[in-house]
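Residue-level structural notes
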Amino acid sequence: MKGNIVLAPDKFKGSLTAEQAARAMARGVCRADPMITPILCPVADGGEGTLDAVVAAGFEAVHADACGPTGAPVHTAYARKGARAVIEMADICGLQRLPSATPAPLTASSYGLGSVIARSLDDGCQDIVIGVGGSASTDGGAGMLMALGAEILDRHGRPIAPSARGLADAARLDLGGLHPGVGTATVTLAADVDSPLCGPLGAAAVYGPQKGVRADRIDEVDRGLSGWADLVEGAVGADYRDAPGAGAAGGVGFAALAVLRARLSPGIDLILDLVELDRKLLGANMVITGEGSLDGQSLRGKAPVGVARCARPRGIPTVAIAGVSTLTRAAAQTAGFGAVRTLNELEPDLSRCTTHAAELLTLVTERLIRESTD
């Protein structure tokens, strides 16, 4: 068999980055048939792994220091190509940056994200893409704006703590000191959340529990977000609390839409465009995608389904490889997968699937290619 096979996996969380997964797949392809050329295209959906995916696609990693979700310093980076910057919130102040993975639902902040945005603006970037999946905070984006120069004060004229708890004290918002680059830059949010900021479908009610907000504190956090929305409305002259995506990343979406004049774009579509999947599909005979776990949530905007959706109109079959999968055959076909293979078909012990993911992924890919060329 001659031709190209595009390898476009997302990360296998806890085991492999997307690039490591693509390389493991490539080894399997080459073992099965040296006449096939593997085209590596690691992908992401705007959350964890976005930075790695775009750097693998040719962006430059620009290293930066910032505050993590609880204020501890973290060494991070943004990705740059020309005047475009891609920033991954998860790597700066997301859940993965929580010390000892301990939730901090009332005190976590988006401040670090704002400082990296400011750094990219200082470096001359004019097209800012922000992947906001995997956030740890529900501060309405207040921390992000404070890092960009906004003043958020309590009734005594003191700066508030940039957190869900601190929003309850917010009495005054002054945007006069906002970074001058904000006024000329184009900002795009890579997010698949279209929820409002407040209410039963908002950031606190729907996503707060995932970040550790207790049921008896959800109303308190929601009231803080509502009061914050009133302040922002007074400062910008428009109400963005019900805008689609305002509830993304604990309200970072709201602050970005209202103050940074950002536009919302589906995360997977935007990232696939940045990594140039369309170009890499030219002349391909097959696409292999995948992630650690394929389930019902994967069907709602996750990377493998986005890859299949991109390949389908070109008549290119897509196969998914996962660590584990709960998709029925019908669901897999609806998602655009011609077949789904799993690592635990070879290794029933799920812990070994995690620790030996690269080896297993190579073997599953090799078997898949051999079967397809028989």
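Residues numbered from 1 in each chain as written. Predicted model: local features only at pLDDT ≥ 70, side-chain atom pairs only at ≥ 80, totals over all residues. Heavy atoms only, no water.

Looking at where K211 falls in the secondary structure, it is placed in the loop between α7 (203–207) and α8 (218–236). Summary of buried charges: K211 has no salt-bridge partner, and the nearest side chain of opposite charge, D139, is 7.9 Å away. Apart from the residues lying within four places of it in its own chain, the contact partners of K211 are P103, A104, P105, S135, A136, S137, T138, A249 and G250. (Helix = DSSP H or I, 4+ residues; strand = E, 2+ residues; numbered from the N terminus. Buried < 20%, exposed > 50% of the residue type's maximum accessible area, 1.4 Å probe, protein only. Lys, Arg positive; Asp, Glu negative; His and termini not counted. Salt bridge = Lys/Arg side-chain N within 4 Å of Asp/Glu carboxyl O. Contact = heavy atoms within 4.5 Å.)

Here the largest pocket defines a volume of roughly 1,200 Å³. D45, G133, G134, Q297 and K302 are the residues nearest the centre of the largest pocket, which is lined by 34 residues in total. The element contributing the most residues to the lining of the largest pocket is strand β11 (residues 284–294), with 3 residues. Residue composition of the lining of the largest pocket, by class: 9 nonpolar, 14 polar and 11 charged. Two domains each donate at least three residues to the lining of the largest pocket, and these are domain 1 (4–42 + 283–373) and domain 2 (50–268). In this structure, the second largest pocket encloses a volume near 200 Å³. Lining the second largest pocket are 15 residues, and of these T17, E48, G49, D52 and Q96 sit closest to its centre. (1 Å grid on protein atoms, 1.4 Å probe; cavity = no way out; pocket = protein on both sides within 12 Å on 5 of 7 lines; lining within 4 Å. Points joined across faces, edges and corners; volume = space filled by probe spheres on them. Nonpolar A, V, L, I, M, F, W, Y, C, P; charged D, E, K, R; others polar. Domains from an automatic or database assignment.)

As a further point, take the sheet that holds strand β10 (residues 263–265). Read across the sheet, 6 strands follow the order β3-β4-β5-β6-β9-β10 without closing on themselves; strand pairing throughout is mixed. Sheet topology places β3 (60–67) and β10 at the edges, where each strand pairs with a single neighbour. Direction aside, neighbouring strands of the sheet carry axes that sit 25 degrees apart on average. For strand β5 (residues 84–88) and strand β6 (residues 127–131), the ladder comprises 5 bridges, and the chain directions are parallel. Its bridge partner lying in β6, A85 is registered against I128. (Pairing = 2+ DSSP bridges. Axes fitted to C-alpha atoms, helices over the stretch in contact; angles between N-to-C directions.)

On to helix α12 (residues 303–311). The buried count for α12 comes to 8 of 9 residues, which makes it a mostly enclosed element. Along α12, the residues classified as buried are A303, P304, V305, G306, V307, A308, C310 and A311. Where the residues of α12 are buried, they touch β1 (3–9), α10 (267–274), α11 (277–280), β11, β12 (318–325) and α13 (329–335).

Attention now goes to the domain arrangement of the protein. Here the protein is described as being made up of domain 1 (4–42 + 283–373) and domain 2 (50–268). Seen at the junction of domain 1 and domain 2, the total is 0 salt bridges. The tally of links from domain 1 across to domain 2 stands at 0 residue pairs in polar contact (both at pLDDT 80 or more). Ranked by residues supplied to the side of domain 1 that touches domain 2, first place goes to α12 with 3 residues. Along the lines of polarity and charge, the residues of the side of domain 1 that touches domain 2 split into 2 nonpolar, 3 polar and 3 charged. (Polar contact = N/O pair within 3.5 Å; in protein donor to acceptor, adjacent residues only side chain to side chain.)

Attention now goes to empty space enclosed by the protein. Under the criterion given, the structure shown has 1 cavity of 30 Å³ or more. One number sums up the size of the largest cavity: a volume of about 40 Å³. Counting only elements with at least two residues in the lining of the largest cavity, the list comes to α6 (164–167) and α8. Of the residues forming the lining of the largest cavity, the biggest block, 3 residues, is contributed by α8. Grouping the constituent residues of the lining of the largest cavity by class yields 4 nonpolar, 1 polar and 2 charged.

The side chains of a regular strand alternate between both faces of the sheet. Alignment of β3 against strand β4 (residues 73–81), held across 8 bridges, turns out to be antiparallel. Paired with C67 across the two strands is P73, which belongs to β4. Linkage of β3 to β4, two consecutive antiparallel strands, is achieved through a turn of 5 residues, within which G71 is found at a positive phi near 100 degrees. Two strands pair when backbone bridges link them, and β4 and β5 are joined in this way by 3 bridges, in the antiparallel orientation. Bridge pairing in β5 links R80 to A85.

Moving on to the sheet that holds β12. Ordered in space as β2-β1-β11-β12-β13, the 5 strands form an open sheet in which the pairing is parallel. In this open sheet, the two edge strands, each paired with only one partner strand, are β2 (36–40) and β13 (339–342). Strand after strand, the sheet turns through a mean of 25 degrees between neighbouring axes, direction not considered. Of the pairings in the sheet, the one linking β1 to β11 comprises 6 bridges and is parallel in character. The residue bridging L7 from the neighbouring strand is I288, located in β11. The strands touched by α12 are β1, β11 and β12; relative to β11, the strand with the most contacts, the crossing angle is about 160 degrees.

What follows is about the pattern of salt bridges. Evaluated as defined, the whole model comprises 21 salt bridges. Notably, a salt bridge pairs R241 with E233, separated by 3.3 Å at the nearest N-O pair. A salt bridge links R341 to E371; the shortest N-O distance between them is 2.9 Å. Of this pair, R341 sits in strand β13 while E371 is found in helix α15 (residues 357–373), placing the two residues 30 residues apart along the sequence.

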